[in-house]
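# Working through the structure, step by step
Spelled out from the first residue to the last, the chains are:
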Amino acid sequence: MEDAVGILADSSGTAAILAGGSDLLVRMKGGFIEPDLIVDIKAVAGLSDIRETAEGFSIGAAVPSAVLGENAALKKAWPGVVEAARLIGSKQVQGRCTIVGNLCNASPAADSVPAMVAAGAKAVVVGPSGRRTIPVETVPAGPGRTSLAKGEIIEAILLDKRPPHAGDAYLRFIPRTEMDIAVVSAGVNLTIDDKGSVKTARVALGAAAPTVLLVEEAAEVLVGSKLDEATLERLAKVCSGACRPIDDKRGTIEFRRKVAGVLARRAATTAYQRAGGK
Amino acid sequence: MNFDPRYSARNFTAVGTRPVRPDGIDKVTGRARYGADFNMAGQLVGRILRSPHAHARIRKIDTSKAEKLPGVKAVITAADLPDFTNGDAAMYDILDNCMARKKALYDGHAVAAVAAIDARTARQALKLIEVDYEVLAHVTDVDEAMKHGAPLINDAVFTEGLDEKPVKPSNVTKRSQFGHGDVHAGFGHADFVVERSFRTEQTHQGYIEPHACVASANADGTADLWVCTQGHFVYRQHCAQLLGMDASKLRVTSSEIGGGFGGKTHVWAEPVALALSRKAGRPVKLVMTRDEVFRASGPTSATSIDVRIGARKDGTITAAEATLRYSCGPYAGSWAEVGAMTAFACYKLENVKTVGYEVLVNRPKTAAYRAPSAPMAAFAVESAIDELAKQVGMDPVDFRIKNAAQEGTRSSYGPVYGPIGIGPTLEAVKNHPHMKAPLGKNQGRGMACGFWFNFGGQTCTDLNIGMDGSVSLAVGTIDVGGSRASLSLIAAEELGIAYEHVKAVVADTSSLGYNDMTDGSRGTFSTSMATISAARNAIRTLRERAAQMWDISVDDVAWEHGHAVAKGEKHGNLGKLSLKEIAAASGTTGGPIAGHSELVADGAGVSFATHICDIEVDPETGATRVLRYTVVQDAGKAVHPTYVEGQYQGGAAQGIGWALNEEYIYGKDGRLQNPGFLDYRIPVCSDLPMIDTQILEIPNPNHPYGVRGVGETSIVPPLAAIANALSNAAGVRMTHIPMSPPRVLAALEAAREG
Amino acid sequence: MAGVAVSTTINGDAVEYLCQPDETLLEVLRDRLGLTGAKEGCGTGDCGACSVILDDRLVCSCLVLGAEAEGRRVETVEGMAHGDKLHPLQQKFLEHAALQCGICTPGFLIAAKDLLAKNPSPTEEEIRFGLAGNLCRCTGYDKIVRAVQDAANVMRGA
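### Observations concerning the pairing of strand β2 (residues 56-62) of chain B
All names here are of chain B. When β2 meets strand β4 (residues 103-104), the two strands line up antiparallel, connected through 2 bridges. Looking at the pairing, Ala56 lines up with Ala104 of β4. Strand direction decides the pairing type here: β2 and strand β6 (residues 130-135), joined by 6 bridges, are antiparallel. Across the sheet, Arg57 pairs through a bridge with Glu134, a residue of β6.

This is how it looks when you write it as structure tokens:
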């Protein structure tokens, strides 16, 4: 890891990090980047591992989404994060893409990011000035830009150990059944008490603003409720209101607002069911 | 011997069976060579510089820096393509589209090209070409382009076909009109009238193989071109003309083709590749990127259509009228004209009038896409027909049966129909189990009809019988979907031998006379006609040889089940001679035995279809899924039923994509925003159900086996079938294609509020 | 740019090549090694026509650098048949007419091979979603799905 950081920090010209390459090679093909240096981090020890510890999970930066989907313990604890990671691209892309790459590409429509943000995931950043751990939502700074400094590489994503009665879910809207970039998406993470009332909640919306929106008001709507119809309607309204979407080739402002609310409802319902709620 | 193309009924032995196609093994092993799979020694990489502006005058192009870059062997602009078109306006448009001469007319229009030793050098060279553009106002919308004051794309265009000759130039190149009777009077007799306007966005054929060629211009003035194309003879003619060569000096070999659907019937970059090769003195390989395919080949028209149809209480249509505005890109075409011809072709109408307007816009040049212009017109008409049926209070199938065209009907575009399939397909649909299947919540069923003319055209075929009795069939029509198998079946059928002994190949342009391209669903229709003719000529020779071997008159020799048979009592003891035996002796009876045919295949036989579609719509998001789909279409005679099914399914799938998700999206800057498969959304495997097919066979009286063209009609009904299904599922009438989720959701919400 | 020397295994054979650092595996296969079975339909991972199997993972070779094949195993369509014996998938694609123009066929065969290796008894839905990364414009997918179902039966010995 230190070698990789050193090479990057010392590089002149344009340098790029390669894990899965499913964003980098597309940008190269389109002429958007012509790197003078490509650092392939797949060879770095430990980066291809998923480790389960007492604190939770550590997912190495070179772990492809397909491998995430094959980890039974991770799927059980964080089904929302895994299903989000498993939606990136096609089957072919799944064998290569990583959630770290997805995060650092900083597309507003990235699939894994709303789920990671809702999950309270953290990124372990290694750079010339050492190691630090930051919430994932602080990594994307705007479309295509991150807050990382030159020479910094994300080494792993950390997810906490799950308490009982916890569940998360991720839903996105695409016009076909596969292959599309999310038009709008929602990640919801809940814990409930033993009476079925929501104890903690995090709601994140994707493709609804330049970076993922962590909608605190939406979480407040959910806390204390049992996801009755009135709560879900308010949740949808708050989420629709929180959006700052654009009109583009994938959707209109009106459509994104509307469907953000619909997806938040549906994702919340699934997360609630996964947490053991009825 | 004169060839008689008329249908005669017979019991088939080979035709109608389902053998594995001869070119299949190469395709499943990766050995088959497509446009980009060929290389020549010393070849250079060709790349094209394209305008980033929708409309701009080209003031100056400076290629000097690019020329100096090491590894660059040639740089060309329009100056390297002198005008040999000799007043032929259509050829001039092709020349200008290959490389802009005065103005860049769309985002992606070629303005210069380079040939270099590798891709990286070529890319760098493009960046060094300096183009001085004077950006002009642009217009990309078909209705906007017709408005007074719209930016003018070609100030030498004055609308043809108007009653009064116009004094001012326009973006409308032509007005055309079809129909008969008196629609005004007809509407006067109507108890119910539906009047609606519809829009369809531009789509692309979406073939998975980008355009690719290797061009090699030789110092002696000859040239070779390896290219993926639907018509190598057409490509030869056009390339030769544009480069100022004799056609006979240009040899075009067609690779296997990775999809065309009409988009590979025009030359795009091939003349440029030849010009680069000529200048560089080396072969040039030019492959389009996917981005270039969308921006700079030939998508369909975008359309704006008004329809008005009236009917009496008893369901009889009294009048039908349509005005169709079709975009052509920046060059003249006849797209609205074809739409105006096909719009009401399914119906028996006393009073009908259709008017078409061809409209120039700053988009790539419109090209044919599978039954070109028909799907959009059918979307409008079949949607309105469905609404009208509801108003009259009739079942939509019964309403169409009541008004369907029949043998003897005068079509809305002119000719009188012979025996046709629209009635039979409707009856088949009425009785199809699909119509009785139950529907659940948020689900709906729709049906629609479609029509296509089908074409014949010039066709040449060589049938050679080897001394071992095996048969080689050389054809000049490109095989897009298995026609080599079908033609082998036809040759086997006619000669009376086993399919396994026939091998069909697609020959290059030096080996056969002129062949029209594979379009208009003519591949199997025309080439089978020529194959039958060639086989009958060969049979004549086989009979003559047998007569010689027996020393009897050829009039006493018949051909039956692959054998020469001596007829008449006096020859009773002569037995039979097989094709193999006659072939083995051919060296001593007069030499190699062959049959040739050069003909213009006529009477292609119109093809009708009726489709049924079940959809489910998510009322909260507008997402629409196709649950079940059935195609019923008349094939005349299905030579190879599996490949006919494949054409039905493929056309339906393209229509479904067109209906739900595919469209060209332009920004206000006139630039295409989705030139890739990520955001130009064709159906993926999980988007579709199994597509059921029912082949009807109403023989075409103008083909010996009754064959009709089949490849195109099935793309015509899906747009309206899905719109009608949505109407039945959710009570919304969609008038804008594609019916993407944002549009459907907006319609659902408007309906809920209204 | 200096070339990268790569030692790899392709369809079971040891292969060595020199490639540019920014060259894709697809470009290496087609332009350096003459293995033109994998096709470029888009170059950006949206069509699957370039699909290969890299160390038991289905990937788009246009999204892998040639240099990344070092020390790994690559499987392409050219390795599916054994001599003149076709793989059951290849055989069934022919029997079911699961190809028309055939340009997408190599990608589908590789993707289907990977699918059946990991899921020998897939449902129709699993086949459709498993092959969603491969675009076909000619067939409407119906006969492709049937061919995969039939091949799965044969391969299970059913």
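Moving on from the model shown.
### Focus on the sheet that holds strand β21 (residues 563-566) of chain B
All names here are of chain B. Reading across the sheet, the 3 strands line up as β20-β21-β22 and stay open at both edges, with antiparallel pairing between neighbours. Strands at the two margins of the open sheet, each flanked by one partner only, are β20 (557-560) and β22 (576-578). Averaged over all adjacent pairs, the angle separating strand axes in this sheet is 25°, with direction ignored. With 4 bridges connecting them, β20 and β21 associate as antiparallel partners. The partner of Glu560 across the bridge, within β21, is His563.

### Some details on the interface of chain C and chain B
On the chain B side, the residues contacting the 46 residues of chain C number 50 residues. At the boundary of chain C with chain B, total buried surface from both sides reaches about 3,900 Å², with 58% on carbon and sulfur atoms. Taken together, the links from chain C to chain B amount to 5 salt bridges. Between B:Asp37 and C:Arg30 there is a salt bridge, with its nearest N and O atoms 2.8 Å apart. Taken together, the links from chain C to chain B amount to 26 residue pairs in polar contact (both at pLDDT 80 or more). Those elements that provide at least two residues to the side of chain C that touches chain B are α2 (88-95), α3 (105-118), α4 (124-130) and α5 (142-156) of chain C. Looking at which element gives the most residues to the side of chain C that touches chain B, the answer is α5(C), with 5 residues. Considered class by class, the residues forming the side of chain C that touches chain B number 21 nonpolar, 12 polar and 13 charged.

### A word on the domain arrangement of chain C
Residue and element names in this part refer to chain C. One can read the domain layout of chain C as domain 1 (4-79) and domain 2 (88-155). Placing the centre of domain 1 and that of domain 2 at their C-alpha centroids yields a distance of 21 Å. Between domain 1 and domain 2, the contact holds 15 residues from the first and 13 residues from the second. On inspection of domain 1 and its partner domain 2, the count reaches 1 salt bridge. The partner of Glu75 in a salt bridge is Lys113, and the shortest N-O contact between them spans 2.6 Å. Scanning the region where domain 1 abuts domain 2 turns up 5 residue pairs in polar contact (both at pLDDT 80 or more).

### Remarks on the packing of helix α10 (residues 229-242) of chain A against helix α11 (residues 253-274) of chain A
Residue and element names in this part refer to chain A. Interaxial distance between α10 and α11 falls to 7 Å at its minimum, and their mutual angle equals 140°. When the axis of α10 is compared with that of α11, the two are oblique. Of the two elements, α10 crosses α11, and the hand of that crossing is right-handed. Facing α10, whose interface residues are Glu229, Leu232, Glu233, Leu235, Ala236, Cys239, Ser240 and Gly241, α11 presents Arg257, Lys258, Ala260, Gly261, Ala264, Arg265, Ala268 and Thr269.

### Quick word on the side chain of A:Asp180
Residue position: A:Asp180 is located in the loop between β10 (166-173) and β11 (184-192). With relative accessibility at 4%, the residue A:Asp180 sits in the buried group. For A:Asp180, the side chain forms a polar contact with the main-chain nitrogen of A:Arg176, separated by 2.8 Å. Once residues lying within four places of it in the same chain are set aside, the contact partners of A:Asp180 are A:Arg172, A:Ile174, A:Pro175, B:Leu678 and B:Arg681.

### Some points on empty space enclosed by the protein
Residues and elements named next belong to chain B. By the definition in use, this model includes 9 cavities of 30 Å³ or more. Taken together, 14 residues line the largest cavity, and the ones lying closest to its centre are Ile656, Leu660, Asn661, Pro683 and Asp687. For the lining of the largest cavity, the elements supplying multiple residues, two or more each, are β25 (624-634) and α18 (641-660). The residue inventory of the lining of the largest cavity, partitioned by class, reads 7 nonpolar, 3 polar and 4 charged. Lining the second largest cavity are Thr342, Ala343, Cys346, Tyr347, Ala374, Ala378, Val381, Glu382, Cys449, Gly450, Phe451 and Val716. Only α11 (374-392) and β16 (443-452) provide two or more residues apiece to the lining of the second largest cavity.

### Side note on the nonpolar core
Judged by nonpolar contacts, the single largest core of 207 residues is most densely connected at B:Val307, B:Ile309, B:Phe344 and C:Phe93. Per element, the largest residue contribution to this core is 12 residues, and it comes from α11(B). Aside from chain neighbours lying at most four places away, what touches C:Phe93 is B:Val28, C:Ala98, C:Leu99, C:Thr105, C:Phe108, C:Leu109, C:Ile144, C:Ala147 and C:Val148.

### Section: α5(C)
All names here are of chain C. A rise of 1.5 Å per residue sets the reference length of α5, with its 15 residues, at 21 Å; its end C-alpha atoms lie 22 Å apart and thus fit the reference within 8%. Among the residues of α5, those classed as buried are Asp142, Lys143, Ile144, Val145, Ala147, Val148, Ala151 and Ala152. A positive phi of about 80° marks Gly157, the residue just after α5.

### Section: the interface of chain A and chain C
At the interface, 25 residues of chain A touch 29 residues of chain C. Taking both partners together, chain A and chain C bury about 2,000 Å²; carbon and sulfur atoms supply 62% of that area. Viewed at the interface, chain C and chain A are joined by 5 salt bridges. Across the salt bridge formed by A:Lys29 and C:Glu40, the nearest N and O atoms sit 2.9 Å from each other. At the junction of chain A with chain C, the criterion picks out 7 residue pairs in polar contact (both at pLDDT 80 or more). Listed by contribution, the elements that provide at least two residues to the side of chain A that touches chain C are α2 (24-29), β2 (37-40), α3 (65-68) and α6 (91-94) of chain A. At 4 residues, α2(A) tops the list of elements feeding residues into the side of chain A that touches chain C. Counted by class, the side of chain A that touches chain C contains 11 nonpolar, 7 polar and 7 charged residues.

### A word on the pattern of salt bridges
Residues and elements named next belong to chain B. Per the stated rule, a full pass over the model turns up 77 salt bridges over all chains. A salt bridge links Asp143 to Arg325, with the shortest nitrogen-to-oxygen separation between them at 3.1 Å. Here Arg325 lies in strand β14 (residues 317-327) and Asp143 lies in helix α5 (residues 142-146), a separation of 182 residues in the sequence. The shortest N-O distance in the salt bridge between Arg445 and Asp614 comes to 2.7 Å. In this pair, Arg445 sits in strand β16 while Asp614 sits in strand β24 (residues 607-617), placing the two residues 169 residues apart along the sequence. When sorted by exposure, Arg445 lands in the same class as Asp614, which is buried. Put simply, Asp141, Asp143, Arg199, Glu201, Asp306 and Arg325 are held in one network by salt bridges that share partners.

### Section: the sheet that holds strand β27 (residues 736-737) of chain B
Residues and elements named next belong to chain B. Strand order in the open sheet formed by 6 strands is β7-β15-β14-β13-β8-β27, with mixed pairing between adjacent strands. Edge strands, defined here as strands with exactly one partner in the open sheet, are β7 (172-180) and β27. When strand β8 (residues 192-200) meets β27, the two strands line up parallel, connected through 2 bridges. Residue pairing in the sheet places Arg199 in a bridge with His736 of β27.

### Observations regarding the packing of aromatic side chains
Residues and elements named next belong to chain B. Applying the stated criterion across every chain yields a total of 19 aromatic pairs over all chains. Geometrically, the ring pair formed by Phe294 and Phe677 is edge-to-face, given 5.6 Å between the ring centres and 85° between the ring planes. Residue Phe294 is located in helix α9 (residues 290-296), and its partner Phe677 is located in the loop between α18 and β26 (691-696); the two are separated by 383 residues in the primary sequence. Of the two residues examined, Phe294 and Phe677, each falls in the buried class. Both rings, one in Trp452 and one in Phe453, keep their centres 4.9 Å apart while their planes meet at 70°; by these two values the pair is edge-to-face.

### Section: unusual backbone geometry
Note that the residue after B:Ile737, namely B:Pro738, is joined by a cis bond; omega there is 0°. Structurally, the position occupied by B:Pro738 is in the loop between β27 and α20 (741-753). Unlike most non-glycine residues, B:Arg370 shows phi in positive territory, near 35°. Mapping B:Arg370 onto the fold places it in the loop between β15 (352-359) and α11. The backbone phi angle of C:Asp56 is positive, close to 70°, even though this residue is not glycine. By secondary structure assignment, the location of C:Asp56 is in the loop between β3 (51-54) and β4 (57-60). Judged by relative accessible area, C:Asp56 falls into the partly exposed class, the value being 43%.

### Focus: the pairing of strand β12 (residues 284-287) of chain B
All names here are of chain B. Across 3 bridges, strand β1 (residues 44-50) lies against β12 in parallel orientation. Bridging across to β12, Gly46 finds its partner in Leu286. The sheet contact formed by strand β9 (residues 212-217) and β12 spans 4 bridges and is antiparallel. Across the sheet, the residue bridging to Val214 is Lys285, located in β12.

Conventions adopted
- In every chain, residue numbers begin from 1 and rise along the written sequence.
- Ligands are numbered from 1 and chains lettered from A, in the order in which they are written.
- In view of the model being predicted, local features appear only for residues whose pLDDT reaches at least 70, and side-chain atom pairs are presented and counted only at 80 or more, with totals across whole chains, interfaces and linings using the full set of residues.
- Side-chain calculation: all heavy atoms of the structure are included, whereas hydrogens and water are not.
- One requirement defines pairing of two strands: DSSP has to find at least two bridges between them.
- Strands here mean DSSP runs of E at least two residues long; helices mean DSSP runs of H or I at least four residues long; both are numbered from the N terminus.
- Structural elements are reduced to axes, namely lines fitted to C-alpha atoms, with helices fitted over the stretch in contact, and the angle between N-to-C directions of any two is expressed from 0 to 180 degrees.
- Here, two residues are considered to be in contact whenever any of their heavy atoms come within 4.5 Å of each other.
- What counts as buried area is the accessible surface, traced by a 1.4 Å probe, that two parts surrender upon association, with contributions from both included.
- By convention in these notes, a salt bridge is any Lys or Arg side-chain nitrogen within 4 Å of a carboxyl oxygen on Asp or Glu.
- Polar contact is the term for a pair of N or O atoms within 3.5 Å; when the atoms are in protein, one must be able to donate a hydrogen and the other to accept it, and sequence-neighboring residues count only if both atoms are side-chain atoms.
- Gly is put with the polar residues, along with every residue not named as nonpolar or charged; the nonpolar set is Ala, Val, Leu, Ile, Met, Phe, Trp, Tyr, Cys and Pro, and the charged set is Asp, Glu, Lys and Arg.
- Annotation comment: domain bounds sourced from an automatic or database domain assignment.
- Angle categories: roughly parallel below 35 degrees, roughly antiparallel above 145, roughly perpendicular from 65 to 115, and oblique for all the rest.
- The crossing is said to be left-handed when, going from far helix to near helix, the turn is anticlockwise and less than a right angle, and right-handed when the turn is clockwise.
- Buried, partly exposed and exposed residues are distinguished by accessible area as a fraction of the type maximum, computed with a 1.4 Å probe on protein chains only: under 20%, between the cut-offs, and over 50%, respectively.
- A cavity here means a set of points on a 1 Å grid, drawn over the protein atoms and nothing else, where a 1.4 Å probe fits but cannot get out; a pocket is an open set with protein on both sides within 12 Å along at least five of seven lines, and a residue lines either one if it has an atom within 4 Å of a point.
- Grid points are joined across faces, edges and corners, and a volume is the space filled by probe spheres set on the points.
- By nonpolar core is meant a set of buried Ala, Val, Leu, Ile, Met, Phe, Trp, Tyr and Cys residues that side-chain atoms within 4.5 Å join together.
- Expected span of a helix, by definition, is 1.5 Å for each gap between consecutive residues, and there is one gap fewer than residues.
- The rule is short: rings of Phe, Tyr and Trp, with Trp giving its six-membered ring, pair when the centres are within 6.5 Å, and they are stacked under 30 degrees, edge-to-face over 60, tilted in between.

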